There are 2 protein chains.
Amino acid sequence: MFSPVVDELISQLTRLPGVGTRTAQRLAFHLLRVPKEDALALADAIRAAKERVGFCRECGNLTEEEVCRVCADPRRDHTVVCVVEQPADVLSLERTHEYRGVYHVLGGALSPLDGVEPEHLRIAALLRRVERDGVAEVVLATNPTMTGEATAGFIAERLRGRTRVTRLASGLPVGSDLEYADEVTLGRALSGRREMA
Amino acid sequence: MFSPVVDELISQLTRLPGVGTRTAQRLAFHLLRVPKEDALALADAIRAAKERVGFCRECGNLTEEEVCRVCADPRRDHTVVCVVEQPADVLSLERTHEYRGVYHVLGGALSPLDGVEPEHLRIAALLRRVERDGVAEVVLATNPTMTGEATAGFIAERLRGRTRVTRLASGLPVGSDLEYADEVTLGRALSGRREMA
């Protein structure tokens, strides 16, 4: 409608997750309105990230180095490995300040229907790591979704007898209301109930 | 957390309208995950848009040429000028397929509290255009908001006696429910009621 260049920008923005045509238009008009250096700062940040960020040799997390900050940190407990689907999950877990072990980023979850098979995830690397490093505990922190649970089950099966394998607790979110909990979550909260006295 | 380059990408994405930290992280991880050429296509689209898109000499709309497609189209009625706040509004009006005149993009709305005075908008250019082109009607299509109404009022005052000035109708959105209409909208619908028989 405006010009091929604007249409191309809108179409590229539409490819971002959660960005529909209207949002893409709004973002495009914003980028066209702001000072040139602001818009180019975003373009340059994308380019720099794609050119300089890779995956940690050890855990598969994002890093500019060979080995990520967590894996390179000698104060972290390298005998406890928390398995997550995506780099973003590492960020969420780090925010809790509760975890002092290291991570293993799978790069997704098993989903045969979408063509995601075990060999597409970093599962073999995890098994090798457990053997090599004498890992004492693997914390499965994949999402509590169909595919995340299947992935956790698959990995737990592979690791059975080799190390301790644990799974993040499912249950009621803190601050939530029983009345509005879905029945699956409430069922999990019930079956996972803990002794208080 | 991950690397300075990723943090910079997240921080640049946070500057987009409606994008908070969480969304920016999600977008950043998406861009890091997709093939390099896909991410760079977005970076290049931003750069190309900023380098090649400017404002139409006539109406202030976005264009790659001196004059935008609407202004350059001889089939459009150049004696009817629709005044809008932003280029995005042109897109919305074009989508109706109801309008065959041309546009005038102000670049915002009057908002003295935010420092937006008449000289910051393309109002003087509109007045010159009305004189020069013998414009028969100016349709004020600024937003039905406080600032949009103030802008429409200001322009109507300046054009009084020089040409016909109209304003987009306010009222109930089509497909909406009277029960849920806010009282200002319902009041407008009532005062703007039309003869049916």
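Read on for a plain summary of the structure. (Residues numbered from 1 in each chain as written. Chains lettered and ligands numbered in written order. Predicted model: local features only at pLDDT ≥ 70, side-chain atom pairs only at ≥ 80, totals over all residues. Heavy atoms only, no water.)

All names here are of chain A. Helix length check: helix 7 (residues 146-159) (14 residues) gives 20 Å between terminal C-alpha atoms against 20 Å at 1.5 Å per residue, within 8%. Residues of helix 7 that are buried include every one of G148, T151, A152, I155 and L159, and no others. Looking straight down helix 7, one finds its buried side chains confined to an arc of 100°; they lie on one side. Those residues of helix 7 that are buried lie in contact with strand 3 (77-84), helix 6 (123-133), strand 5 (137-140) and strand 6 (164-167). Just downstream of helix 7, G161 is the residue with a positive phi angle, here 85°. (Helix = DSSP H or I, 4+ residues; strand = E, 2+ residues; numbered from the N terminus. Expected span 1.5 Å × (residues − 1). Buried < 20%, exposed > 50% of the residue type's maximum accessible area, 1.4 Å probe, protein only. Arc of directions from axis to C-beta. Contact = heavy atoms within 4.5 Å.)

Using the criterion set out here, one finds 28 salt bridges over all chains in the structure. The salt bridge involving E66(B) is made with R57(B); its shortest N-O contact spans 3.1 Å. Among the charged side chains, a salt-bridge network with shared partners connects D44(A), R47(B) and E51(B). (Salt bridge = Lys/Arg side-chain N within 4 Å of Asp/Glu carboxyl O.)

Another aspect to go through is the sheet that holds strand 5 (residues 137-140) of chain B. All names here are of chain B. Strand order in the open sheet formed by four strands is 4-3-5-6, with parallel pairing between adjacent strands. The sheet is open, and its two borders are formed by strand 4 (101-105) and strand 6 (164-167), each paired with just one other strand. The sheet shows a mean angle of 25° between the axes of neighbouring strands, direction not considered. When strand 3 (residues 77-84) meets strand 4, the two strands line up parallel, connected through five bridges. Bridge pairing in strand 4 links V84 to V105. Packing against the sheet, helix 5 (residues 87-95) makes contact with strand 3 and strand 4, and its axis sits at approximately 155° to strand 4. The sheet strands contacting helix 6 (residues 123-133) are strand 3, strand 4 and strand 5, and the helix crosses strand 4 at an angle near 150°. (Pairing = 2+ DSSP bridges. Axes fitted to C-alpha atoms, helices over the stretch in contact; angles between N-to-C directions.)

A few words on the nonpolar core. Formed by 48 residues in total, the largest nonpolar core has its most connected members in L9(A), L13(A), I46(A), L9(B), L13(B) and I46(B). Those elements giving two or more residues to this core turn out to be helix 1 (4-14), helix 2 (21-33) and helix 3 (36-52) of chain A together with helix 1 (4-14), helix 2 (21-33) and helix 3 (36-52) of chain B. When sequence neighbours within four positions are dropped, the list of residues in contact with L9(A) reads A28(A), L31(A), L42(B), A45(B), I46(B) and A49(B). (Core = buried A, V, L, I, M, F, W, Y, C linked by side-chain atoms within 4.5 Å.)

Here we come to the packing of aromatic side chains. All names here are of chain A. Using the criterion set out here, one finds two aromatic pairs over all chains in the structure. Ring centres of Y99 and Y103 lie 5.1 Å apart, and the angle between their planes is 55°; on these two criteria the pair is classed as tilted. For Y99, a relative accessible area of 15% translates into the label buried. The side chain of R158 reaches across the aromatic face of F154, ending 4.1 Å from its centre. (Phe/Tyr/Trp six-rings, centres within 6.5 Å; stacked < 30°, edge-to-face > 60°. Lys NZ or Arg CZ within 6 Å of the ring centre and 35° of its normal.)

It is worth spelling out the packing of helix 2 of chain A against helix 3 of chain B at this point. Helix 3 of chain B packs onto helix 2 of chain A with a crossing angle of 50° between their chain directions and a minimal axis gap of 9 Å. As summarised for this structure, helix 2 of chain A and helix 3 of chain B are arranged oblique, according to the angle between their axes. The two elements helix 2 of chain A and helix 3 of chain B cross, and the hand of that crossing is right-handed. Residues L31(A), L32(A) and R33(A) of helix 2 of chain A lie in contact with helix 3 of chain B, whose contacting residues are I46(B), A49(B) and K50(B). Counted by class, the contact of helix 2 of chain A with helix 3 of chain B contains four nonpolar, no polar and two charged residues. (Parallel < 35°, antiparallel > 145°, perpendicular 65-115°, else oblique. Left-handed = near helix turned anticlockwise from the far one by under 90°. Nonpolar A, V, L, I, M, F, W, Y, C, P; charged D, E, K, R; others polar.)

Approximately 900 Å³ is the volume found for the largest pocket. Lining the largest pocket we find 24 residues, and of these R167(A), L168(A), A169(A), S170(A) and G171(A) sit closest to its centre. Listing elements by their share of the lining of the largest pocket, those giving two or more residues are helix 5 (87-96) and helix 8 (183-191) of chain A. Partitioned by chemical class, the residues of the lining of the largest pocket number nine nonpolar, eight polar and seven charged. Roughly 620 Å³ of internal volume is contained in the second largest pocket. P144(B), L168(B), A169(B), S170(B) and G171(B) are the residues nearest the centre of the second largest pocket, which is lined by 22 residues in total. Listing elements by their share of the lining of the second largest pocket, those giving two or more residues are helix 5 and helix 8 (183-191) of chain B. In terms of residue class, the lining of the second largest pocket is built from 10 nonpolar, seven polar and five charged. (1 Å grid on protein atoms, 1.4 Å probe; cavity = no way out; pocket = protein on both sides within 12 Å on 5 of 7 lines; lining within 4 Å. Points joined across faces, edges and corners; volume = space filled by probe spheres on them.)

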